[in-house]
Amino acid sequence: MSYNFDSSEVSEIKTKMQTVQKEMEEFLMSQQYQKALSKRKVLEDLSIEADKKKKKRTVPKKERLHIIAKDIQRVIHQMT
């Protein structure tokens, strides 16, 4: 079970990650290692932020709905 959430936030972060990755590769090709290192740190921060956004959409185990025998009985009764 998961919350309904807006996936556009995660997709925006992923597009930012892609642009930062390209910039980092360009810095590496031009042998600007300090700038590439700073881009790598930005990339790691974006990755952590994306993971946090993904974790928000799952429901904690203690808050999940539980199906009991009475619920099953109601469903079967409605079907017959």
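Residues numbered from 1 in each chain as written. Predicted model: local features only at pLDDT ≥ 70, side-chain atom pairs only at ≥ 80, totals over all residues. Heavy atoms only, no water.

Novice: Describe the pattern of salt bridges, with residues and values.
Specialist: It is possible for side chains of opposite charge to pair when their charged atoms get near one another. Across all of its chains, the model carries four salt bridges by this definition. Its salt-bridge partner being Glu23, residue Lys39 comes within 2.8 Å of it at the nearest N-O pair. Placement of the pair is Lys39 in helix H2 (residues 33–55) and Glu23 in helix H1 (residues 8–29), with a sequence separation of 16 residues. Judged by its relative accessible area of 23%, Lys39 is partly exposed. Judged by relative accessible area, Glu23 falls into the partly exposed class, the value being 33%. Residues Arg74 and Asp71 are paired through a salt bridge, measuring 3.6 Å at the closest nitrogen-oxygen approach. Of this pair, Arg74 and Asp71 both sit in helix H3 (residues 69–79), separated by three residues, roughly a single helical turn. The class for Asp71 is partly exposed, based on a relative accessible area of 26%. (Salt bridge = Lys/Arg side-chain N within 4 Å of Asp/Glu carboxyl O. Helix = DSSP H or I, 4+ residues; strand = E, 2+ residues; numbered from the N terminus. Buried < 20%, exposed > 50% of the residue type's maximum accessible area, 1.4 Å probe, protein only.)

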